[in-house]
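An overview of the molecular structure
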Amino acid sequence: MMKIYDKSICEHEAGEIYMARGGDGRDLLFFAGAFLPLDHASAELLRSELPWTAPSRVLSLPRTFGTGDRLGIAGPGHVRCFRSADAAPVLAQQSVRELTFTGRTFADVLDAATFAVFREGFRRPWGFDGDHLKTSGEIESALRSGCTMITIDCSEKIGRGGEPSAEQRALYLGRRFEAEGCALEFGAEGLGRCTAVYGAAIEFICGAYEKYLAGGAADFEISIDETGTPTTPLEHFFVASELRRRGVRFQTLAPRFGGEFQKGVDYRGSLSDFEAELQIHAAVARSFGYKLSIHSGSDKLSIFPMIARHTQGRFHVKTSGTSWLEAMRLAAMMEPALYRRIHALALSEFGEAKKHYHVSADLSKIPEPAALDDAELSSLLDMDDARQLIHIAYGPILKSEYRESLYSLWREHEEDYFALLAGHLGRHLRLLGIG
Ligand SMILES: [Zn+2]
């Protein structure tokens, strides 16, 4: 029996177009009187015929929110969260690290978002972020795949700069700048630190901008967050000022805030220190005319109200792992035995997986899944240490023998998955004042 997705139905000169689920559980596109598989060709067809199924440049809009979908199945759930949200979603958003671990391509990520948008009849603008790109090759591949936004990751250039140039000394040394009343003053030590920490990153950004983005190929986000070195407001100001002086136009910048932005858990650190710093970062961003971007935004619930307030409702927030964790929560709820085997796999892979992510999970604090009843198994996904364990183990889990069982469980219970996403991401959006 075929089931038509009602919200997908639309009129076209080729006749009615819609998406349907076939009797074998596979989704199909009905176009010009024929059923087509949901492959890259049909995604391209949709994007060329129905403009709202193609991504667009949304980063300059006041509020944007990245919903990474590592599995290619969360899209309809994400779309539903944004149907009435006061923000534009970046539905397709993956880093090269995620693509490597999941064995996907930028094209796969985009196609999954296109099908989700079409299936749900979502006609609002949405974006496509080539996230955390570190090399020319990665930027080229993201742009070729149609990314509407490039996030350049400078982490490998941080701390590799040198002394200030004569020009920089003349421009900054001993001078006092203001961002909305916040004073920023460059002493010799402060300026020396700015160029030592960010000099090479600024050169890297300028080079990439001139080569790939000056012509306006995509929105541009500067990311200096994935490093151990927090960005002081003075350093933030310096980076922005240098980029402006060099003619680099960008929509968002992600500083590395103080405290800890670990994956999959709430903010750790002093909330009052964070708030004081955030105020100045937000003022600096506003005074240069771009938005602050908050990375590793998954589950940072305690700081969202401050972000909404101090950015005056102009921000970009990225999440990704939290949607994966909800998928694993579903697995724990629906197939406890399978979840227990996967949990054991994650434990055995933890040492390797944590080389790639910033987490501090203490495995000794995680209860033995064997000691938990089936009904309480999914409570593991409410515990920080277990969340981080599962969060970073997605690569080995998705390459394991359990892959097919997981995907068929997610397909079978997809409405339950979308409901979990609505609850969890909905909490994010409400605290940001956009849900
Ligand atoms: Zn980041």
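The following paragraphs examine the structure supplied in this document.

Conventions we followed
- Residues numbered from 1 in each chain as written.
- Predicted model: local features only at pLDDT ≥ 70, side-chain atom pairs only at ≥ 80, totals over all residues.
- Helix = DSSP H or I, 4+ residues; strand = E, 2+ residues; numbered from the N terminus.
- Buried ≥ 20, exposed ≤ 12 C-beta atoms within 10 Å, placed from the backbone.
- Contact = placed C-beta atoms within 7 Å.
- Core = buried A, V, L, I, M, F, W, Y, C linked by C-beta atoms within 7 Å.
- Pairing = 2+ DSSP bridges.
- Axes fitted to C-alpha atoms, helices over the stretch in contact; angles between N-to-C directions.
- Parallel < 35°, antiparallel > 145°, perpendicular 65-115°, else oblique.
- Left-handed = near helix turned anticlockwise from the far one by under 90°.

Re the overall build of the protein chain
Looking only at helices and strands, the protein chain features 16 helices and 16 strands. For the protein chain, the spread of C-alpha atoms along the principal axes amounts to about 75 × 60 × 35 Å. Considering the protein chain as a whole, with its 435 residues, one finds that 47% of them fall into the buried category. Put simply, 72% of the contacts in the protein chain that link residues at least 6 apart link residues at least 24 apart.

A short note on the nonpolar core
Within the largest apolar cluster, 117 residues are counted, with the highest numbers of intra-cluster contacts made by Ala113, Ile150, Ile205 and Ala331. When residues in this core are grouped by element, the largest group, eleven residues, is from helix α7 (residues 188-213). In contact with Ile205, other than residues within four places in its own chain, are Ile152, Cys154, Ile222, Leu243 and Val248.

Thoughts on the sheet that holds strand β8 (residues 92-95)
To summarise the sheet geometry, strands pair through backbone hydrogen bonds and adopt either a parallel or an antiparallel arrangement. Taken in spatial order, the nine strands make up an open sheet running β7-β6-β16-β15-β14-β13-β10-β9-β8, and their pairing is parallel. Sheet topology places β7 (88-90) and β8 at the edges, where each strand pairs with a single neighbour. Mean inter-strand twist for the sheet, computed between neighbouring axes without regard to direction, equals 20°. Both strand β14 (residues 252-254) and strand β15 (residues 291-294) contribute to a ladder of two bridges, which runs parallel. Each bridged residue has a counterpart across the sheet, and for Leu253 the counterpart in β15 is Leu292.

As for the pairing of strand β16 (residues 315-319)
With five of five residues buried, β16 lies mostly within the body of the structure. Residues of β16 alternate between two faces, with Phe315, Val317 and Thr319 on one and His316 and Lys318 on the opposite face, all of them buried. When strand β6 (residues 63-67) meets β16, the two strands line up parallel, connected through five bridges. Following the sheet pairing, Gly66 is matched in β16 by Lys318. Inspection of the sheet shows β15 paired to β16 by three bridges, in the parallel sense. Residue Leu292 lies in a different strand from β16, and its bridge partner there is Phe315.

Quick word on the packing of helix α11 (residues 321-334) against helix α16 (residues 414-431)
Two elements in contact, α11 and α16, have axes separated by 9 Å at closest approach and are oriented at 135°. Here α16 runs oblique to α11, going by the angle between their axes. As α11 packs across α16, the resulting crossing turns out to be right-handed. Residues Thr322, Ser323, Glu326, Ala327, Arg329 and Leu330 of α11 form the contact with α16, whose participating residues are Asp416, Tyr417, Leu420, Leu421 and His424.

A short note on the environment of His132
Assignment of secondary structure puts His132 in strand β9 (residues 128-133). With 19 residues separating them along the chain, His132 and Thr151 place their C-alpha atoms 5.3 Å apart. Contact partners of His132, with chain neighbours within four places excluded, come to Ser95, Val96, Arg97, Thr151, Asp153, Ser223 and Glu226.

With respect to unusual backbone geometry
Backbone geometry at Asp299 places phi at a positive 70°, although glycine is not the residue there. What makes Asp299 buried here is the crowd of 23 C-beta atoms within 10 Å. The phi angle at Gln312 is positive, at roughly 55°, despite the residue not being glycine. With respect to the helices, strands and loops of the structure, Gln312 is situated in the loop between α10 (304-310) and β16.

Structural measurements only, silent on function.
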